[in-house]
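Next come the chains, spelled out residue by residue.
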Amino acid sequence: MPKWGMVIDLEKCVGCQACTVACGMENNRLPGEHWQDVIFFTEGEYPNTQTKWFPRPCMHCENPSCVAVCPTRATYKTEEGFVLVDWNRCIGCKYCMIACPYGVRFYTEEKAAYGGPNMKEVFPADDSHSWNPPWKMPDAREDWKHGVGVQPHDVVSKCTFCHHRVTKAPPGTADLDPQDPKTREFTPACVVTCAPGARFFGDLSNPDSQVNKLIANKNGVRLLDHLGNKPQVYYLTGEGGSVPSGRALKKS
Amino acid sequence: MSDTLLSQPLSRRRFLQATGVLAGSASVGALPSLFTLAPVRNARASAEAAAGPETVVTKSFCHQCPARCGIDVYTTNGRVHAVYGTLDNPLSNGKLCPKGHYAQYLLYDPDRIKGPMKRTNPKKGRHEDPKFVPISWDEALDIVAGRLNALREKGESHRFATLTGRGWGYTDVGLLKEFGELYGTPNYNLGHSSMCSDASETVKHFMDGHHAYSAYDYPNCNYLLVFGAGFLEAFRPFNANMQNWGKMRTKAPKTKVTVVDVHLNTTGSAADRLLLVKPGRDGALALAMAHVILTEGLWDRNFVGDFTDGVNRFKTGAEIAAVYSQEDVDAWKQAQAEAAAKKAAAAEKAAAKKAEEKAKAQAEIDALKQKLKAAPDDAALAKKLADLEKKQADAAASEAKIKEQRALLDKEKKPAPQPVVGAQVFNEKWTVGLIEWWNVELKDRTPEWAEKVSGISAKEIIAVAREFATTKPAVALFERGASAHTNGVYNGMAIHALNALTGNMFAKGGLRGYQMKTAWAKLPIKHEDYMDDYAKSPERKKPRIDMVKTEKWPLAKNMMQEIAINHLAGAPYKLDTAMIYMTGAVFSGPDCTKWEDAWREVFVIDTSPYPGETHKFADLILPDNTYLERLQIADTYPYEGYPISMIRTPAVKPIYDTKTFGDVVIEIGKRIKGPMSEYYKQVGNTENIIKWMCEGFKDKPGDNGVVDFETFKQKGVWYRKPYAYLQKDGVFYKWDGQGYNTVMTEEEVKVEVMPTPTGKFELKVTELEHHADYVQKRFGIPPERAPFPQWIEPKHGGDGDLHFISPKLAGQAEGRSSNLPHVTAMIQPVQGGKHDVFLEIHPEAAAKRGIQDGDRVRISNKIGAIEVRARVTQTTRPDTVVLPMIHGHWAQGRWAEAKDRLPTGSTNEITENLSEPLSGLACYHSGLVNVHKV
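The model shown is predicted, which means the values in this text are computed figures rather than measured ones.

### With respect to the overall build of chain A
Inference 1: When helices and strands are tallied, chain A shows 7 helices and 11 strands.
Inference 2: Whereas a compact globule of 252 residues would reach a radius of gyration of roughly 18 Å, chain A reaches 18 Å, a difference of no more than 12%.
Inference 3: In terms of its C-alpha atoms, chain A occupies a principal-axis envelope of roughly 55 × 50 × 35 Å.
Inference 4: Buried residues in chain A amount to 64% of all 252 residues.
Inference 5: When contacts within chain A are restricted to residue pairs at least 6 apart in sequence, long-range pairs at least 24 apart make up 58% of them.

### Topic: the interface of chain A and chain B
Reports of interface size often rely on the accessible area that becomes lost once the parts have come together.
Inference 1: Of the residues lining the interface, 72 residues belong to chain A; the matching set on chain B comes to 79 residues.
Inference 2: Taken together, both faces of the contact between chain A and chain B bury some 6,200 Å²; the carbon and sulfur share is 58%.
Inference 3: The three residues of chain A that bury the most area against chain B are M25, Y46 and W135 of chain A, which together make up 13% of that side's buried surface.
Inference 4: Our count for the contact surface shared by chain A and chain B stands at 2 salt bridges.
Inference 5: A salt bridge links E11 of chain A to K254 of chain B; the nearest nitrogen and oxygen atoms lie 3.3 Å apart.
Inference 6: Applying the counting rule to chain A against chain B returns 19 residue pairs in polar contact (both at pLDDT 80 or more).
Inference 7: Counting residues per element, the ones that place at least two in the side of chain A that touches chain B are α1 (18–26), β2 (37–43), β3 (50–56), α4 (119–122) and α6 (189–193) of chain A.
Inference 8: The element that contributes the greatest number of residues to the side of chain A that touches chain B is α1 of chain A, accounting for 6 residues.
Inference 9: A breakdown of the residues in the side of chain A that touches chain B according to their chemical character gives 35 nonpolar, 20 polar and 17 charged.

### What about the packing of aromatic side chains?
Inference 1: Using the criterion set out here, one finds 48 aromatic pairs over all chains in the structure.
Inference 2: Judged by centre distance (5.9 Å) and plane angle (90°), the ring pair of Y74 of chain B and Y84 of chain B falls under edge-to-face. Here Y74 of chain B, found in strand β2 (residues 70–76), pairs with Y84 of chain B, found in strand β3 (residues 79–85); they are 10 residues apart in sequence, far enough to count as distant.
Inference 3: A residue is classified by how much of its surface remains accessible, and Y84 of chain B, at 2% relative accessible area, is buried.
Inference 4: Ring geometry for W520 of chain B versus F697 of chain B: centroids 5.2 Å apart, planes at 40°, classification tilted. Pair noted here: W520 of chain B is in the loop between β16 (511–513) and α18 (533–536) and F697 of chain B is in the loop between α25 (686–694) and α26 (709–715), with a separation of 177 residues, a long-range link. Note on accessibility: W520 of chain B and F697 of chain B belong to one class, buried.
Inference 5: The ring centre of Y76 of chain A lies 5.6 Å from the NZ or CZ of K145 of chain A, which sits over that ring.
Inference 6: Positioned over the ring face of W168 of chain B is R648 of chain B, at 4.2 Å from the centre of the ring.

### Things to note about the environment of R630 of chain B
Residues and elements named next belong to chain B.
Inference 1: Of note, R630 is situated in the loop between β19 (620–621) and β20 (632–635).
Inference 2: Taking relative accessible area as the criterion, R630 reaches 2% and is therefore assigned buried.
Inference 3: Along the primary structure R630 and R648 are separated by 18 residues, whereas in three dimensions their C-alpha atoms are 6.3 Å apart.
Inference 4: Reaching out from R630, the side chain makes a polar contact with the side chain of Q632 at a distance of 2.8 Å.

### Some details on the pattern of salt bridges
Inference 1: According to the stated counting rule, one finds 76 salt bridges over all chains in the structure shown.
Inference 2: For E62 of chain A, the salt bridge identified is with R222 of chain A, shortest N-O distance 3.9 Å. With a gap of 160 residues between them, E62 of chain A in the loop between β3 and α2 (65–69) and R222 of chain A in the loop between β9 (220–221) and β10 (233–236) connect regions that are remote in the sequence.
Inference 3: E793 of chain B is paired through a salt bridge with R281 of chain B; the nearest N and O atoms lie 3.4 Å apart. Residue E793 of chain B is found in the loop between α29 (772–779) and β27 (802–805), and its partner R281 of chain B is found in the loop between β11 (273–276) and α9 (282–295); the two are separated by 512 residues along the sequence.
Inference 4: Sharing partners across several salt bridges, the network here consists of D138, D142, E667, K670 and R671 of chain B.

### A closer look at the sheet that holds strand β1 (residues 55–61) of chain B
All names here are of chain B.
Inference 1: Strand order in the open sheet made by the 3 strands is β1-β2-β3, with antiparallel pairing throughout. The open sheet has two free edges, formed respectively by β1 and β3, since each of these has just one partner strand. In this sheet, adjacent strand axes meet at a mean angle of 30° when their direction is disregarded.
Inference 2: By the bridge criterion, 7 bridges tie β1 to β2 in an arrangement that is antiparallel. Bridge assignment links T55 to a residue of β2, and that residue is T76.

### Focus: the sheet that holds strand β22 (residues 717–719) of chain B
Strand pairing in a sheet relies on backbone hydrogen bonds, with the paired strands running either antiparallel or parallel.
Residue and element names in this part refer to chain B.
Inference 1: Here 3 strands make up an open sheet; going across it, the order is β20-β21-β22 and the pairing antiparallel. Strands with a single pairing partner mark the edges of an open sheet, and in this sheet they are β20 and β22. Pairwise comparison of adjacent strand axes, ignoring direction, gives a mean angle of 15° for this sheet.
Inference 2: Across 3 bridges, strand β21 (residues 644–648) lies against β22 in antiparallel orientation.

### With respect to the pairing of strand β24 (residues 731–735) of chain B
Residues and elements named next belong to chain B.
Inference 1: Alignment of strand β23 (residues 725–728) against β24, held across 4 bridges, turns out to be antiparallel. Its bridge partner lying in β24, Q727 is registered against F732.
Inference 2: Counted along the chain from β23 to the antiparallel partner β24, the turn is 2 residues long, and its residue D729 has a positive phi close to 50°.
Inference 3: Both β24 and strand β25 (residues 740–743) contribute to a ladder of 3 bridges, which runs antiparallel. Along β25, the bridge assignment pairs W735 with Y740.

### Re a positive patch on the surface
Residues and elements named next belong to chain B.
Inference 1: Taken together, the side chains of K343, K354, R406 and K413 define a basic patch exposed on the protein surface.
Inference 2: Within the secondary structure layout, R406 lies in helix α12 (residues 379–412).
Inference 3: When its relative accessible area of 58% is taken as the criterion, R406 is described as exposed.

### Thoughts on unusual backbone geometry
Where the residue is not glycine, phi is negative for most of them; where a peptide bond is considered, it is trans in most cases.
Inference 1: Backbone torsion omega between Y46 of chain A and P47 of chain A reads 0°, so that peptide bond is classified as cis.
Inference 2: If you trace the backbone, P47 of chain A turns up in the loop between β2 and β3.
Inference 3: Cis geometry is adopted by the peptide bond preceding P237 of chain B, which originates at R236 of chain B and carries an omega value of -10°.
Inference 4: Positioned with a positive phi, H60 of chain A is a non-glycine residue whose angle comes to about 45°.
Inference 5: Within the fold, H60 of chain A resides in the loop between β3 and α2.
Inference 6: Looking at H60 of chain A, the relative accessible area reads 0%, which means it is buried.
Inference 7: Look at N219 of chain A: it is not a glycine, yet its phi comes out positive at around 60°.
Inference 8: With respect to the helices, strands and loops of the structure, N219 of chain A is situated in the loop between α7 (210–217) and β9.

What counts, and where the lines are drawn
Residues numbered from 1 in each chain as written. Chains lettered and ligands numbered in written order. Predicted model: local features only at pLDDT ≥ 70, side-chain atom pairs only at ≥ 80, totals over all residues. Heavy atoms only, no water. Helix = DSSP H or I, 4+ residues; strand = E, 2+ residues; numbered from the N terminus. Rg over C-alpha atoms; globule rule 2.2 N^0.38 Å. Buried < 20%, exposed > 50% of the residue type's maximum accessible area, 1.4 Å probe, protein only. Contact = heavy atoms within 4.5 Å. Buried area = accessible area lost by both parts, 1.4 Å probe. Salt bridge = Lys/Arg side-chain N within 4 Å of Asp/Glu carboxyl O. Polar contact = N/O pair within 3.5 Å; in protein donor to acceptor, adjacent residues only side chain to side chain. Nonpolar A, V, L, I, M, F, W, Y, C, P; charged D, E, K, R; others polar. Phe/Tyr/Trp six-rings, centres within 6.5 Å; stacked < 30°, edge-to-face > 60°. Lys NZ or Arg CZ within 6 Å of the ring centre and 35° of its normal. Pairing = 2+ DSSP bridges. Axes fitted to C-alpha atoms, helices over the stretch in contact; angles between N-to-C directions. Patch = residues over 30% accessible without salt bridge, like charges linked within 9 Å, V, L, I, M, F, W, Y side chains within 5 Å. Areas by Shrake-Rupley, 256 points an atom, 1.4 Å probe, with all protein chains shown as cover. Lys, Arg positive; Asp, Glu negative; His and termini not counted. Charge placed at Lys NZ, Arg CZ, Asp CG, Glu CD.

Now the structure itself:
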């Protein structure tokens, strides 16, 4: 059984948000429904201000707070390490959204924040989908049990580690490298598109995987590790990782 | 699978939803019965499920900026649902910037134009409904041809103009020159480049002979010095920049990066050093850096050359004679004599000392010998004597050997270069004008001076200059941050000169070179053969409406920002009909509202597939296909120098009644009376042109096996590595098939690598010498100073007490994402701009004006005013406010126009139409504004 995990090299990430946009495209997200997002914050004072950023997918925690609180067991963790939402079971109570320390979850009925008409109303569905975008993924790819595709009304959704792509990889694959034609189509969208090559995806349970080597060689750390969720997303901070910063003045 | 009640898992949730019990469900009113549950999948989808999805991947290249990254377009059963970077494409390498993933949103934009239309409301205005009615293509093209033929009959064909923006090449804007020459208008391709980045091309043209953007070798670069370019936001090719960033920052050695900009953007944040310069003062920094490089002897002697006698005469404030005078020679002879005397004295002293030591040793030996005579059986004494004698012999042998070696070295030593009266003080190798430049300008441009002008400390300027000059290889680059100012070209010249001074021109890891051309085949038909007497008549030689290549703008390539005001003034004449392609100056041109006045008087043909600002003022709409519906070719944006060309293949048939612009031009051409129509009938359409041109691949197959039209479509790209030229240690080499082995002569370098009038990198620009009068007129500079990079005080447009900058961001480079809410939601991440874009304002500036974070403010000057929300932030200079040039549309679609979004107008409503005189570049970043709380 693989334990899928992601590694993000903060020394290479340039904050362009191609990952955010690629995820939105691959997974038919509404504008602003950033399953993958890049968090920006600013520290310090002019002229010594520093702007920093880090990409934030779902952490697919080993110990997920969201799973612990879900009243219908709509959100669950699979044997391969995915934390997913079953849209057939989700009742939209949003308890998981409160519980998640990383803020990675989205609710369909949230007010549109982008201005202008609501895209759901511009492309309405005539069935129980919450909307029907003309660029929707092939219907056969949709998978409500695993939270993939355009969701129905009144449910919570989040990053699936591109479950519909990753689970097609041959068993025993150690890493999903988008530069390798053999594994590219199985690689999560955000990892495929990252131009500086800051993102990696692989099997954390395989000691020879590249993701494990990167974590060991380049000081891989987890966000909010003191909370005990044990994320399966690691950040490589290079030389800058050892001292946590409390100087952040404002989060965008 | 049939759509029955039981065909989908019937969850409690959806059961409740269907019966209308749950709040928020779609159905209202009476409870439907259990047996009228809406099917989960609609009819279209179930057909798919039955057939099994078939995904087709077609090749194209992105449309969101000029980089032309190769893309794979994923279409399943006629529905485009994804775009990723093509893996085996040397530009995209499987990756994309955020913009690359907009393709399907643009294809399916609900506000797209559905077919040709004509205006029925004669009144034109921002808030006037044009009352377009749909017409057929035949009717539309006849309307155009009718107007064009009528103009021709009156001898007024010059009053037809085509304005172009993001053209791609041979099958769109590349068709226009022939069209113009056949038809009889000089205004056949009025390009937008003067509203883009012309200054950098002009600088390169002046100094290294290439009117183009440069190709850079980032993966091997060890120092990157960026002036006013959003390297990680919009500088091209952006996708490749980011790929190279990943390599540069994690390779060994790590590339060091210094950025010069006016606010803290992601590029500045990610750099190792950020210099927050006062807007328009980048040139002062570069001049001071050049000063340090020369005074500290850090220039590259292999490339630039050296003082004949090796003595560095670059001293602050001191002029340097070009040739040796008698005094110089006398002084040198004196210095040589003094040195020789000193050497002789030292040698004498050493010899004396040595003689003394020798005598002492001999005395010791003699004494021992005496002792031994008295006691001949003393073995210890005998041994001691033997040791001493051996030591003496060894010393003598060693001395002899050293003497021999020294003699040999002296024999091979080259004589020290001797100054001769009238000989060059400095032997310049691949540059020209260094000493003159020093004397005329550079000698006084100290870091202390630059500190006063730019606000950057002398200490930092010196540190950066030293780092840049001593870290090899290095690149100094600039774009509009430094050049969209009235002193922009002179700023750019100072910056570009840094590459030459440090020997990084055409070098590995440096400014690698310029773009080589693709081996396209020529068309089997020549348009010149179809020109009638009218077309050939000297009457046709009229000035362009943008006044390029006239006395007004003798060196500019385009002056789009002048078209509206020239037309309004009737100087040189009034336009009658204008066709607009991929550009919209009525939103994006400086002082944009002038275009509204101009377009009221002109018959405007808009070809955009979207209802933008131009559309509101148009009389006729000839909507283009979007790029996923087009067959089209292009040559690469300058990248690494080796030739690359790319092709778009349609992923889907046009979903509306739209036509590719190039084919529209041909169709219009077919309807013009005279032999011109015969030419276009022969050409047929753009697909024919592409097929003809691809014949050139037979003899020059691509590295990836592309040999013809079919293989070109399959791969999406043709390219042949490597770039043919290399400069190393002051020698130019040409690729011979195996390596950079062929040494190039000066003449060959002049023709193939640095085609300036002198064949060298011109620090003294010949072309500016020829235009010294123009320079004097526009800058007030005496003619003898005109050709040199120098400090010019920038003029600022608008009025007010704050500098106004309108940069691009990673989510939008050119104007094609304003109606995409997916983009709006991530567009200004540093400032939290997800609905509006915010005006960055420093806390001091804000406090002075009683502005708090989030307040609505009015930005105004003599040009106009717009309102926007303020973001009080530490990321910008106290004297500079920043608003990305992205939103503020009053057309372009339901999201772009949304009333609940800010800013209320284009940044160009407060940007004065001021142009840099040499390149004609619109000075977008030079303006001043006032900011008040509303």
